Amino acid sequence: MANLLRSKLSNVATSVSNKSQAKVSGMFARMGFQAATDEEAVGFAHCDDLDFEHRQGLQMDILKSEGEPCGDEGAEPPVEGDIHYQRGGGAPLPPSGSKDQALGAGGEFGGQDKPKITAWEAGWNVTNAIQGMFVLGLPYAILHGGYLGLFLIIFAAVVCCYTGKILIACLYEENEDGEVVRVRDSYVAIANACCAPRFPTLGGRVVNVAQIIELVMTCILYVVVSGNLMYNSFPGLPVSQKSWSIIATAVLLPCAFLKNLKAVSKFSLLCTLAHFVINILVIAYCLSRARDWAWEKVKFYIDVKKFPISIGIIVFSYTSQIFLPSLEGNMQQPSEFHCMMNWTHIAACVLKGLFALVAYLTWADETKEVITDNLPGSIRAVVNIFLVAKALLSYPLPFFAAVEVLEKSLFQEGSRAFFPACYGGDGRLKSWGLTLRCALVVFTLLMAIYVPHFALLMGLTGSLTGAGLCFLLPSLFHLRLLWRKLLWHQVFFDVAIFVIGGICSVSGFVHSLEGLIEAYRTNAED
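Predicted, not measured: the structure shown is a model, and the values here were computed from it. (Residues numbered from 1 in each chain as written. Predicted model: local features only at pLDDT ≥ 70, side-chain atom pairs only at ≥ 80, totals over all residues. Heavy atoms only, no water.)

(A) Just the overall build of the chain, in detail. Within the chain, the regular secondary structure consists of 17 helices and two strands. A burial count over the chain gives 44% of its 526 residues as buried. Counted over contacts in the chain with a minimum sequence separation of 6, partners at least 24 positions apart contribute 76%. Carbon and sulfur atoms form 66% of the exposed surface of the chain, whose accessible area is close to 27900 Å². (Helix = DSSP H or I, 4+ residues; strand = E, 2+ residues; numbered from the N terminus. Buried < 20%, exposed > 50% of the residue type's maximum accessible area, 1.4 Å probe, protein only. Contact = heavy atoms within 4.5 Å. Areas by Shrake-Rupley, 256 points an atom, 1.4 Å probe, with all protein chains shown as cover.)

Okay, structure coming up:
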């Protein structure tokens, strides 16, 4: 009888323990955390056995291949979908001929035979992204922010450098052996991992929408700045800024036929070098007028209504987080990524701050939205023509990237696609797919015509998507995925960046929108 009582009490205790453990695990699952259970431990052990068997089989395959002659014509090609071990820890390769493999997205998940880039080459790519044409709007940000605007140029560089590093940290996790391996390959994959298991695709869709908005707005800004520069270069001609924008769009219409960026990439190096030469020319002209610099015009107070717009302009000039996961994955030495981010952002901070300050000191309250419009007529025309050429050659890059994201999200997801594929069985672009691309080009033109305000559009984009992709999402993802491993100061930095970024994003978006509405009303009255 006593033994029977003991066994019943033991069964009841075990049942209560299992129920409480299930409740705790369920609570952690709702909060997004994973709790290790006995069943999961069994699963890990099973995975270890499978992993050992697979590695043994892989070694046997290697030994067999060493004994076989190279270039065996009778050998069968690998079946599509086979799993091959990668340096990142066992992720499957994309199917042969897929876009992910062609673009080398993530590096780790692409083909191992792809040429890798050095840290210097990666730094050159980041420099091109954060020191492009949009630097021309920074003196306008100093106009409304004064010394605080200069501080924000430094602060944004530090924060964007930090969030770029923590975003890359979210690509890695420890496996069952305690080794840090790359388990994700893109910004979208990080976002999906954060929303799993309840909403496994929600995060990726949010990031895709933000990417599309930022890329399309970048295209619009290129059309706006082209029309603005040409109009101010030749004020004597009877051609309005809208007409110049239409001419620029007519030149850009062939972008709809692009299948790859091979042809455009040939001009990228010359285009970037030309832009650096233009920046040096502007700074040299400003230095020649150093005796007339208006130091007294640099304010310690800010314009409450227009300063949030300056925040968006500064943030937008540092956006590079979209392509950092792919860039890091394609580096020969991913361990050099942090060092590369440090020197690129330090260089960007110094050059941007110097350029913005000397340009504002030269023209003070007369500083315009695009600083080259302040140059004398003889110099302005030459500089602006080079800048227009750079804008037109830069347009295909964000346009093609936006088309890629749209096609992959809406047209190439198999049975989950919202619309039929844009390409036929022979790989040719269908007529209606070409029509959609042309419509996207025309949409950028219409936006440039009806909202021809470079600084306001730049501030709006920086506040809406720039702050989200550079400040809010990286810090949130870092907290969500690596919460258990973060130190207290890392948690503090992430929370502080999220809060400050949220405030700047909301205020900048509201004030930029108000400025656009006011400018639209003024244009309508005129």
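(B) Structural detail: the pattern of salt bridges. For the coordinates displayed, the defined rule picks out three salt bridges. Of the charged contacts, one joins Glu328 and Arg182 as a salt bridge, the two residues approaching to 3.0 Å between their closest N and O atoms. Of the two residues, Glu328 sits in helix 11 (residues 324-329) while Arg182 sits in strand 2 (residues 180-182), which places them 146 residues apart along the sequence. On the basis of relative accessible area, Glu328 is assigned to the buried category, the value being 2%. (Salt bridge = Lys/Arg side-chain N within 4 Å of Asp/Glu carboxyl O.)

(C) Local environment of helix 13 (residues 377-394). With 18 residues, helix 13 ought to run about 26 Å at 1.5 Å a step, and its terminal C-alpha atoms sit 25 Å apart, in line with that. Every buried residue of helix 13 is listed here: Arg380, Ala381, Val383, Asn384, Leu387, Val388, Lys390, Ala391 and Ser394. (Expected span 1.5 Å × (residues − 1).)

(D) Structural context of the packing of helix 6 (residues 187-195) against helix 16 (residues 454-482). Interhelical geometry of helix 6 versus helix 16 gives an angle of 45° and a closest axis separation of 10 Å. Taken as axis vectors, helix 6 and helix 16 run oblique relative to one another. Two packed elements cross with a definite hand, and for helix 6 against helix 16 that hand is left-handed. Residues Tyr187, Ile190, Ala191, Ala193 and Cys194 of helix 6 form the contact with helix 16, whose participating residues are Gly468, Leu469, Leu473, Pro474, Phe477, Arg480 and Leu481. Its residues assigned to classes, the contact of helix 6 with helix 16 shows ten nonpolar, one polar and one charged. (Axes fitted to C-alpha atoms, helices over the stretch in contact; angles between N-to-C directions. Parallel < 35°, antiparallel > 145°, perpendicular 65-115°, else oblique. Left-handed = near helix turned anticlockwise from the far one by under 90°. Nonpolar A, V, L, I, M, F, W, Y, C, P; charged D, E, K, R; others polar.)

(E) Main features of the nonpolar core. In terms of nonpolar packing, the biggest core is built from 117 residues, with Tyr318 and Tyr395 touching the most fellow members. Contacts of Tyr318, omitting those with residues within four sequence positions, involve Ile130, Ile153, Ala156, Ala157, Cys160, His345, Ala348, Cys349 and Lys352. (Core = buried A, V, L, I, M, F, W, Y, C linked by side-chain atoms within 4.5 Å.)

(F) Expanded view of a nonpolar patch on the surface. There is a patch of nonpolar side chains on the surface, built from Leu476, Val495, Phe498, Val499 and Ile503 and spanning about 420 Å² of accessible area. If one sorts the elements of the nonpolar patch by residue count, helix 17 (residues 488-525) sits on top with four residues. (Patch = residues over 30% accessible without salt bridge, like charges linked within 9 Å, V, L, I, M, F, W, Y side chains within 5 Å.)

(G) View of unusual backbone geometry. That bond from Ala196 to Pro197 is cis: its omega, 5°, falls within 30 degrees of zero. Looking at where Pro197 falls in the secondary structure, it is placed in the loop between helix 6 and helix 7 (202-233). The phi angle at Ala364 is positive, at roughly 50°, despite the residue not being glycine. With respect to the element layout, Ala364 can be found in the loop between helix 12 (337-363) and helix 13.

(H) Structural view of the packing of aromatic side chains. Enumeration over the complete set of coordinates arrives at 13 aromatic pairs. Ring geometry for Phe492 and Phe493: centres 6.1 Å apart, planes at 55°, overall tilted. Exposure remark for Phe492: the relative accessible area of 51% places this residue in the exposed category. A network of ring pairs unites the aromatic residues Phe134, Tyr222, Phe316 and Phe454 as a single cluster. (Phe/Tyr/Trp six-rings, centres within 6.5 Å; stacked < 30°, edge-to-face > 60°.)

(I) Local environment of the environment of Pro115. Within the secondary structure, Pro115 sits in the loop between helix 3 (99-103) and helix 4 (119-130). For Pro115 and Asn330, which are 215 residues apart along the polypeptide, the C-alpha to C-alpha distance reads 8.0 Å.

(J) Looking closely at the environment of Pro452. Within the element layout of this structure, Pro452 appears in the loop between helix 15 (431-450) and helix 16. Along the backbone, Pro452 and Tyr520 are 68 residues apart, and their C-alpha atoms lie at a distance of 9.3 Å.

(K) Geometry of the side chain of Asn384. Inspection of the secondary structure assignment puts Asn384 in helix 13. In this structure the side chain of Asn384 is engaged in a polar contact, spanning 2.9 Å, whose partner is the side chain of Ser233. Once you skip the residues sitting within four places of it in the chain, Asn384 turns out to touch Leu229, Ser233, Thr372 and Asp373. (Polar contact = N/O pair within 3.5 Å; in protein donor to acceptor, adjacent residues only side chain to side chain.)

(L) Seen up close, the side chain of Thr163. With respect to the secondary-structure elements, Thr163 resides in helix 5 (residues 138-169). On the basis of relative accessibility, which here comes to 0%, the residue Thr163 falls in the buried class. If sequence neighbours within four positions are ignored, Thr163 has contacts with Gln321, Cys470, Phe471, Pro474 and Ile497.

(M) Structural context of the packing of helix 7 against helix 13. Their axes nearest at 9 Å, the elements helix 7 and helix 13 cross at an angle of 160°. Here helix 7 is positioned roughly antiparallel relative to helix 13, judged by the angle of their axes. Here helix 7 runs over helix 13; the crossing is left-handed. Side by side, helix 7 and helix 13 meet where Tyr222, Val225, Ser226, Leu229, Met230, Asn232 and Ser233 of the first sit next to Arg380, Ala381, Asn384, Leu387, Val388, Ala391, Leu392 and Ser394 of the second. Of the residues belonging to the contact of helix 7 with helix 13, the class tally is nine nonpolar, five polar and one charged.

By themselves these figures say nothing about function.
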